[in-house]
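Understanding the architecture of this molecule
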Amino acid sequence: MSLSSFANLDDHDIRIVTDVVTRWCEDHQVEIDSERGRAAMTAALNRLLSGEKSLVALSEAINAAPCKA
């Protein structure tokens, strides 16, 4: 994931992703700038870019990530 992925998102979409990832990281005691935090961000961002905006679906994407975010 690169920051250019955020270029196509509006402020609301960015807030959705960051809120979901921040909550997931807090719940799992993971630093957001760690490898697992970045994997969580990538999983949520990929799901959002595919058109999904449900907070539950984004959280599920993180938990189902092949890298075991």
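Residues numbered from 1 in each chain as written. Predicted model: local features only at pLDDT ≥ 70, side-chain atom pairs only at ≥ 80, totals over all residues. Heavy atoms only, no water.

1. Points about the pattern of salt bridges
If charged atoms from side chains of opposite charge come close, those side chains can pair. Note the cut-off: What makes a salt bridge here is a side-chain nitrogen of Lys or Arg within 4 Å of a carboxyl oxygen of Asp or Glu, nothing more. A run of H or I in DSSP becomes a helix once it reaches four residues, and a run of E becomes a strand once it reaches two; helices and strands are each numbered from the N terminus. Only protein chains enter the calculation, and the probe is 1.4 Å; a residue is then buried if its accessible area is under 20% of its type maximum, exposed if over 50%, and partly exposed in between.
In this structure the tally under the stated criterion is 1 salt bridge. Between D13 and K53 there is a salt bridge, and its shortest N-O distance comes to 3.0 Å. Highlighted residues: D13 in helix α1 (residues 11–27) and K53 in the loop between α2 (35–49) and α3 (55–64), separated in sequence by 40 residues. Exposure remark for K53: the relative accessible area of 43% places this residue in the partly exposed category.

2. Thoughts on unusual backbone geometry
One non-glycine residue, Q29, lies in positive phi territory at about 50°. Note on placement: Q29 falls in the loop between α1 and α2. The exposure class assigned to Q29 is exposed, which follows from its relative accessible area of 78%.

3. Things to note about α2
Let me state the cut-off plainly: Given the number of residues in a helix, its expected span is that number minus one, multiplied by 1.5 Å.
Relative to the 21 Å expected for 15 residues at 1.5 Å per residue, α2 spans 21 Å between its end C-alpha atoms, a close match to the ideal helical length. Among the residues making up α2, those that are buried are G37, A39, A40, M41, A43, A44, L45 and L48. At the exit of α2 stands G51, carrying a positive phi of roughly 110°.

4. Considerations on the nonpolar core
To be explicit about the condition: Throughout, nonpolar core names a set of buried Ala, Val, Leu, Ile, Met, Phe, Trp, Tyr and Cys residues whose side chains join them through atoms within 4.5 Å. Every residue pair with non-hydrogen atoms within 4.5 Å of one another is taken to be in contact.
Ranked by size, the top nonpolar core spans 17 residues in total, and within it V17, V21, W24 and I62 carry the most contacts. Residue contacts for V21: discarding those within four places in its chain leaves I32, G37, A40, M41, A44 and I62.

5. Digging into the confidence of the model for the chain
Note: predicted coordinates in regions of low pLDDT should not be interpreted at a detailed level. Quick note on the threshold: Predictor confidence is given residue by residue as pLDDT, running from a minimum of 0 to a maximum of 100.
Confidence in the prediction for the chain averages 86 pLDDT; 84% of positions are at 70 or higher. Confidence scores differ between elements of the chain, with α3 showing the lowest mean pLDDT of 91 and α1 the highest of 93.

6. Side note on the environment of N46
Assignment of secondary structure puts N46 in helix α2. Along the primary structure N46 and V17 are separated by 29 residues, whereas in three dimensions their C-alpha atoms are 9.9 Å apart.

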